[in-house]
Amino acid sequence: MGMTGVKVVVIYPRPQDEAEFERLYKEEHLPMAEGKLKGVTRLVATRVLSSPQGKVTAYRIAEYHFSSIDDLTKCVESDGGKEVIAHAAKISTGGAPILLICEEESFVFW
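Residues numbered from 1 in each chain as written. Predicted model: local features only at pLDDT ≥ 70, side-chain atom pairs only at ≥ 80, totals over all residues. Heavy atoms only, no water.

Novice: Any chance you could explain the state of the cysteines here in plain terms?
Specialist: Working definition: the covalent bond between the sulfur atoms of two cysteines is a disulfide. This structure, assessed with the given rule, holds zero disulfides. Of all cysteine sulfurs, the one in Cys102 lies closest to Cys75, which takes part in no disulfide; the gap is 15 Å. The buried category is assigned to Cys75, whose relative accessible area is 4%. (Disulfide = S-S within 2.5 Å. Buried < 20%, exposed > 50% of the residue type's maximum accessible area, 1.4 Å probe, protein only.)

See below:
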């Protein structure tokens, strides 16, 4: 049986200037998220390298994990959550990021 959890997934499209996006993401966005997103238990920040299906528009995927849907909702609806979401949109020069609220079921195979 798998473990379940909830998370916000942010999918950033390929930016106009990857180096500038990376600078803003690492120097501004991640520290802002750490300071303002209350209730996050884990962050997984992924950079998309390629796909066997060819060119993809997704550039980065961020997963913000929470202990409960109530914690997630409080965080997203808070002033800090709104500020971080607005900043994500501001630095996403390739188009608006996609934000998803997800339930996750994890399995570990040994």
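Structure's up, so let's keep going.
Novice: Would you explain the packing of aromatic side chains in this entry?
Specialist: One pair of aromatic rings is described through two measures. These are the centre distance and the angle between the planes. Under the definition given, this model contains five aromatic pairs. Geometrically, the ring pair formed by Tyr12 and Tyr25 is edge-to-face, given 5.8 Å between the ring centres and 80° between the ring planes. Separated by 13 residues along the polypeptide, Tyr12 in strand β1 (residues 3–13) and Tyr25 in helix α1 (residues 18–36) bring together distant segments of the chain. There is no split in this pair, since Tyr12 and Tyr25 are both buried. For the ring pair Phe21 and Tyr59, a centre distance of 5.7 Å and an interplane angle of 85° mean the geometry is edge-to-face. On the criterion of sequence distance, the pair formed by Phe21 in helix α1 and Tyr59 in strand β3 (residues 58–66) is long-range, its members being 38 residues apart. Given the relative accessible area of 2%, Phe21 is considered buried. When its relative accessible area of 2% is taken as the criterion, Tyr59 is described as buried. Pairwise contacts between aromatic rings join Tyr12, Phe21, Tyr25 and Tyr59 into one cluster. (Phe/Tyr/Trp six-rings, centres within 6.5 Å; stacked < 30°, edge-to-face > 60°. Helix = DSSP H or I, 4+ residues; strand = E, 2+ residues; numbered from the N terminus.)

Novice: Would you mind going over empty space enclosed by the protein with me for this structure?
Specialist: Empty space left among the atoms is revealed by rolling a probe the size of a water molecule over them. This model, assessed by the stated rule, comprises one cavity of 30 Å³ or more. Looking at the largest cavity, its volume works out to about 140 Å³. Together, 14 residues line the largest cavity, and Val8, Val10, Leu37, Tyr64 and Ile85 are the ones closest to its centre. Of all elements in the fold, only β1, β3, α2 (69–77) and α3 (79–91) reach the threshold of two or more residues within the lining of the largest cavity. No other element matches α3, which puts four residues into the lining of the largest cavity. Residue classes in the lining of the largest cavity are distributed as twelve nonpolar, two polar and no charged. (1 Å grid on protein atoms, 1.4 Å probe; cavity = no way out; pocket = protein on both sides within 12 Å on 5 of 7 lines; lining within 4 Å. Points joined across faces, edges and corners; volume = space filled by probe spheres on them. Nonpolar A, V, L, I, M, F, W, Y, C, P; charged D, E, K, R; others polar.)

Novice: Just to check I follow, could you spell out α1 for this structure?
Specialist: Side chains of residues three or four places apart in an α-helix project in the same direction, reflecting 3.6 residues per turn. Along α1, the sharpest kink reaches roughly 40°, centred on Tyr25. Listed in full, the buried residues belonging to α1 are Phe21, Glu22, Leu24, Tyr25, His29, Met32 and Ala33. In this structure, the buried side of α1 is in contact with β1, β2 (40–47), β3 and α3. Measuring from the side-chain oxygen of the N-cap residue of α1 to the backbone nitrogen of Ala19 gives 3.2 Å; that N-cap residue is Asp17. (Bend = angle between axes of the 7 residues up to and from the residue. Contact = heavy atoms within 4.5 Å. Polar contact = N/O pair within 3.5 Å; in protein donor to acceptor, adjacent residues only side chain to side chain.)

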